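# Residue-level structure breakdown
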Amino acid sequence: MAEETVADRIDAARAVLTPIQAATGLTFAAGIAFVLVFLQDPLAHDAMHNFRHAAGITCH
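What you see is a predicted model, and the numbers here were worked out from it, not measured in a lab. (Residues numbered from 1 in each chain as written. Predicted model: local features only at pLDDT ≥ 70, side-chain atom pairs only at ≥ 80, totals over all residues. Heavy atoms only, no water.)

With that out of the way, let us pick up the pattern of salt bridges. Applying the stated criterion to the full structure yields 2 salt bridges. In this structure, Glu 4 and Arg 9 form a salt bridge, with 3.2 Å as the shortest nitrogen-oxygen distance. Among the residues examined, Glu 4 registers a relative accessible area of 51% and is labelled exposed. Overall, Arg 9 belongs to the partly exposed group, its relative accessible area being 42%. When the shortest N-O distance is used, the salt bridge between Asp 11 and Arg 14 registers 3.8 Å. Of the two residues, Asp 11 and Arg 14 both sit in helix α1 (residues 6-16), 3 residues apart, roughly one turn of that helix. Given the relative accessible area of 47%, Asp 11 is considered partly exposed. The exposure class assigned to Arg 14 is exposed, which follows from its relative accessible area of 65%. (Salt bridge = Lys/Arg side-chain N within 4 Å of Asp/Glu carboxyl O. Buried < 20%, exposed > 50% of the residue type's maximum accessible area, 1.4 Å probe, protein only. Helix = DSSP H or I, 4+ residues; strand = E, 2+ residues; numbered from the N terminus.)

If you want it as structure tokens, here you go:
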């Protein structure tokens, strides 16, 4: 069984999500990025770090 790649996940999302849902997700991600990059709130950073791990995203 081959490992699932990011490209595989993007293709699956394209097949399932509507453009409105994709735009909403990207807006949410941009908001999270703003909080992490510009505000540098350690609590928000730790929470997002834990969320990424829970979602199965390897970040280090």
